[in-house]
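Structural description and commentary
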Amino acid sequence: MHTDHDDAHEWLDAEAGPLVRSYAVTGGRARPGAGLFDLVTYVVAAPAGQRRNAVHLQPEHRAILEHAREPISVAELTSRAGFALGVVRVLLADLLDEGAVIRMAPAVAPGHVPDDDILQAVILGLRHA
Amino acid sequence: MRDDRARSVPTAIKILVAGGFGAGKTTMVGTVSEILPLHTEEVLTSASAHSDDLSGVEAKRTTTVTMDFGRITIGDSAVLYLFGTPGQDRFWFLWDELAIGALGAVVLADTRRLADSFPSIDYFERRRIPFVVAVNCFHGHQQFEIPAVRNALSLDPDVPVVLTDARDRKSGREVLVTLIEHVRAITLGQAHTVVGTPG
């Protein structure tokens, strides 16, 4: 077990790359399709009947599903689940493969400016909220 | 794609809050919105790495990079998401991903350290991301007038420069309004009419 006093990482070398504890959850996988799960992409847990194969889900996957009962942005989901963003993305990709999570279409295509009536509503909201 | 088009999601508007270390990013995000901690990545840090805001954790092998993340809900239709960019240069790799799809950015400037905002300004100029410069006057006085700041930062004449107090909710929100008006002006061109003014 690694402790802060343990400076001799003889089982790590340059080829091993950085070892980061939270990625043990993901089997060392990192950053699958950041484009799939942007910070403001909304996801929601799929109804139980739609899930193909829930037996492989780890507790971390279940934690993600718990927080995604209602549509939620990836940023908020990450904050509430308490995992690092990169980890959440790996878990979400797994859940997407399992059919356990649904990635929702954005109201405005990425890179596009929202309609002007929405921007005007935001300005009024910022001033009066 | 397993997009579910039948369910509607609010229009998510991503705004970046940038600026040098200590310019007031955390303060501003926290003042204008409900703030939530967002752990972006865990990265390795060497024991010798110089660190401004992570002092005391140098002995650890990993560092959690935490961004400021705030949310402002506007009725049922829109949600503003504010992301404070990591202030340390070595975490700039996080910026590119943050910047994707951003409506625009606020660059907070501290007149005592104006040069600290150069990297942010360069970044948004190069990527053609609309931005405004907000001079944080939280010290109760500003050392420069706005034209002097504009000149010192070599800003394009179209880029708005405003004074703000990052601790003041109304002031911070007005900076966001300035940014959105700037985006509208770019998008609409001549047809742009500022919200809340006649004709």
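Residues numbered from 1 in each chain as written. Chains lettered and ligands numbered in written order. Predicted model: local features only at pLDDT ≥ 70, side-chain atom pairs only at ≥ 80, totals over all residues.

**A few points about the interface of chain A and chain B**
Size of an interface, as often reported, equals the accessible area lost when the parts are brought together. Every contact between the two is made by 42 residues of chain A and, on the other side, 45 residues of chain B. Among the elements that take part in the side of chain A that touches chain B, helix α4 (residues 116-128) of chain A stands out by supplying eleven residues, more than any other. When the residues that make up the side of chain A that touches chain B are grouped by side-chain class, the tally is 27 nonpolar, eight polar and seven charged. (Contact = placed C-beta atoms within 7 Å. Helix = DSSP H or I, 4+ residues; strand = E, 2+ residues; numbered from the N terminus. Nonpolar A, V, L, I, M, F, W, Y, C, P; charged D, E, K, R; others polar.)

**Structural notes on the environment of Leu36(A)**
Residue and element names in this part refer to chain A. Its location among the elements puts Leu 36 in the segment before β1 (42-45). Considered as a pair, Leu 36 and Leu 92 are 56 residues apart in the sequence and their alpha carbons are 9.5 Å apart. Ignoring anything within four residues of it in the chain, the contact list for Leu 36 reads Ala 93 and Arg 103.

**Observations regarding the confidence of the model for chain B**
Residue and element names in this part refer to chain B. Per-residue pLDDT for chain B has a mean of 82; in total, 77% of the residues score no lower than 70. Per-element averaging of pLDDT across chain B places strand β2 (residues 34-44) at the bottom with 73 and helix α5 (residues 169-188) at the top with 96. The low-confidence segment residues 1-6, where pLDDT is below 50, has ten contacts with residues more than four positions distant or belonging to other chains. For the stretch residues 47-52, pLDDT sits under 50, and the model shows six contacts to residues farther than four places along the chain or on other chains. Here the predicted complex carries an ipTM of 0.83, next to a pTM of 0.81. (pLDDT = per-residue confidence, 0-100.)

**Describing the pairing of strand β6 (residues 131-136) of chain B**
Residues and elements named next belong to chain B. Extensive coverage of β6 is indicated by the burial of six of its six residues. Of the two faces of β6, the one lined by Phe 131, Val 133 and Val 135 and the one lined by Val 132, Ala 134 and Asn 136 are each fully buried. Note on the crossover from strand β5 (residues 104-109) through helix α3 (residues 118-126) to β6: the handedness is right-handed. Of the pairings in the sheet, the one linking β6 to strand β7 (residues 161-164) comprises four bridges and is parallel in character. Pairing of Ala 134 across the sheet is with Val 162, part of β7. (Buried ≥ 20, exposed ≤ 12 C-beta atoms within 10 Å, placed from the backbone. Right-handed = clockwise from strand over helix to strand, strands pointing away. Pairing = 2+ DSSP bridges.)

**Remarks on helix α1 (residues 59-67) of chain A**
Residues and elements named next belong to chain A. By the burial criterion, the buried members of α1 are His 61, Ile 64 and Leu 65. Taken down its axis, α1 places every buried residue within 95 degrees of arc, on the same side. In α1, those exposed residues whose orientation departs by more than 90 degrees from the buried face are Pro 59 and Glu 66. Against β1, α2 (74-81), α3 (85-98) and β3 (101-103) lie the buried residues of α1. (Arc of directions from axis to C-beta.)

**Thoughts on the packing of α4(A) against α5(B)**
Orientation of α4(A) relative to α5(B), taken along the N-to-C sense of each, is 165 degrees, at an axis distance of 9 Å. Between α4(A) and α5(B), the angle is such that the two are roughly antiparallel. At the point where α4(A) passes α5(B), the crossing takes the left-handed sense. Facing Asp116(A), Leu119(A), Val122(A), Ile123(A), Leu126(A) and Arg127(A) of α4(A), the residues of α5(B) in contact are Arg173(B), Leu176(B), Val177(B), Ile180(B), Arg184(B) and Leu188(B). Across the contact of α4(A) with α5(B), the residue classes tally to eight nonpolar, no polar and four charged. (Axes fitted to C-alpha atoms, helices over the stretch in contact; angles between N-to-C directions. Parallel < 35°, antiparallel > 145°, perpendicular 65-115°, else oblique. Left-handed = near helix turned anticlockwise from the far one by under 90°.)

**Concerning the sheet that holds β1(A)**
Residue and element names in this part refer to chain A. The strand order across the open sheet formed by three strands is β2-β1-β3, and the pairing between neighbours is antiparallel. Since the sheet does not close on itself, it has two edges, and those belong to β2 (72-73) and β3, each with one partner. When β1 meets β3, the two strands line up antiparallel, connected through three bridges. Residue pairing for β3: Val 43 is matched across the bridge by Arg 103.

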